[in-house]
Amino acid sequence: MKFLMLLRKELRESLPWVLLAAVVLFAIGGLMLRELARYDLVSWRHSQLVAGQPVSPYLLTQDSVLTGSAGLLFAVSIGLGLTLGVRHFWMPHFTRTWPFLLHRSVSRMTVLGSKLAAATIAFIVSLGTVWIALYWYACRPEIFLVPAPVKALIDGWIYIVLGLMVYLATALTGLSRARWYTTKIFGLAFATFIFLGVTMQRTVLWAVLVIAFGMAILLFQVIETFCKREY
């Protein structure tokens, strides 16, 4: 019961940023798709193919209609991760409300769990549902001759998970009591290292494994630091 109360509190405080992320992704991503639907160059190129004639490899490697929206999703996901990380773990330090929050009759893990659960829900609801809606629109045959591939949908969810990883990295940086020129920057630096590792992978499976490895390390560090830190 206390966990649910804390969860509602975190969701309420995060709501403006969550709504902003959803609106930006839906409005701009939807506008991108509408414009592509008006000038569907990918479908036009495929319509020029003639049976029995050689096909240029260039025509077979065209980006899907969701490429631009996927780039937008990546940027919004990273921005939401940074914003929620600062809101959940930096603002209590600036406003000096950590003692009030942690001296309630709940464990530290309950407080931390409510923040992590609120962030996860925020990403799934604000970005996940909008991304599914954009993918559904990009797969409508009466709008696009060549529908978006399933890989585009999977890549979008990978970007969303990367945003959650940035959230954990921002949280760890905010919780660390080290100096900026020592190990305080470890969380964000490690997240950047994982980004580079993901871009080097050629298969979705290996990319997911690299992200899972990075998130497991960051999550463990966040839990360890949060539970042992003196506020």
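For every chain, the first residue of its written sequence is number 1, and the numbers climb from 1 along that sequence. Per-residue local features are limited, in this predicted model, to residues with pLDDT of at least 70; the limit for side-chain atom pairs, both in listing and counting, is 80 or more; totals at the level of whole chains, interfaces and linings are taken over all residues. Side-chain descriptors were evaluated using all non-hydrogen atoms of the structure, hydrogens and water having been removed beforehand.

A.B. asks: What am I meant to see in the layout of surface pockets here?
C.D. replies: Taking a probe equal in size to a water molecule and rolling it over the atoms shows the remaining empty space. The definitions used throughout rest on a 1 Å grid laid over the protein atoms alone, on which a cavity is an enclosed set of points accommodating a 1.4 Å probe that cannot get out and a pocket is an open set flanked by protein within 12 Å on both sides along at least five of seven lines; lining residues are those having an atom within 4 Å of a point. Grid points are joined across faces, edges and corners, and a volume is the space filled by probe spheres set on the points. Its boundaries defined by the atoms lining it, the largest pocket holds a volume of some 330 Å³. Taken together, 14 residues make up the lining of the largest pocket; nearest its centre are D155, Y159, V198, T199 and A207. Going along the chain from the N terminus, every DSSP run of H or I of four or more residues is numbered as a helix, and every run of E of two or more is numbered as a strand. The greatest single-element share of the lining of the largest pocket, amounting to five residues, is contributed by helix α8 (residues 150-175).

A.B. asks: Would you take a moment to explain the packing of α8 against helix α9 (residues 186-199) for this structure?
C.D. replies: Two measures define how a pair of helices packs: the angle their axes make with one another and the distance between the axes. Throughout, an axis means a line fitted to C-alpha atoms (over the contacting stretch in the case of helices), and angles, computed between N-to-C directions, take values from 0 to 180 degrees. In contact at an axis separation of 7 Å, α8 and α9 are set at 155° when each is read in the N-to-C sense. Taken together, α8 and α9 sit at an angle that is classed as roughly antiparallel. For the pair α8 and α9, the contacting residues are L162, M165, V166, A169, T170, L172 and T173 in the first and F186, G187, L188, A191, I194, F195 and V198 in the second. Each residue gets one of three labels, nonpolar for Ala, Val, Leu, Ile, Met, Phe, Trp, Tyr, Cys and Pro, charged for Asp, Glu, Lys and Arg, and polar for the others, Gly among them. Looking at the contact of α8 with α9 residue by residue, the classes come out as eleven nonpolar, three polar and no charged. Oblique is the label for any angle not under 35 degrees, not over 145, and not in the 65 to 115 range, which are roughly parallel, roughly antiparallel and roughly perpendicular in turn. Any two residues having at least one pair of non-hydrogen atoms within 4.5 Å are treated as being in contact.

A.B. asks: Even after reading the chapter, I still don't get the nonpolar core, so can you show me in this structure?
C.D. replies: Inside soluble globular proteins, nonpolar side chains tend to come together where they are buried. The biggest cluster of nonpolar side chains holds 62 residues, and the ones touching the most others in it are L33, L66, F89, L127, M165 and F226. Elements represented by at least two residues in this core include exactly α1 (2-38), α4 (67-89), α6 (98-102), α7 (108-138), α8, α9 and α10 (204-228). Not counting the four nearest positions on each side in its chain, L33 is found in contact with V65, L66, S69, L134, Y137, A138 and F144. Residues belong to one nonpolar core when they are buried, are Ala, Val, Leu, Ile, Met, Phe, Trp, Tyr or Cys, and are joined through side-chain atoms within 4.5 Å. The cut-offs for exposure are 20% and 50% of the maximum accessible area for each residue type, with area from a 1.4 Å probe on protein chains only; residues under the lower value are buried, those over the upper are exposed, and the others partly exposed.

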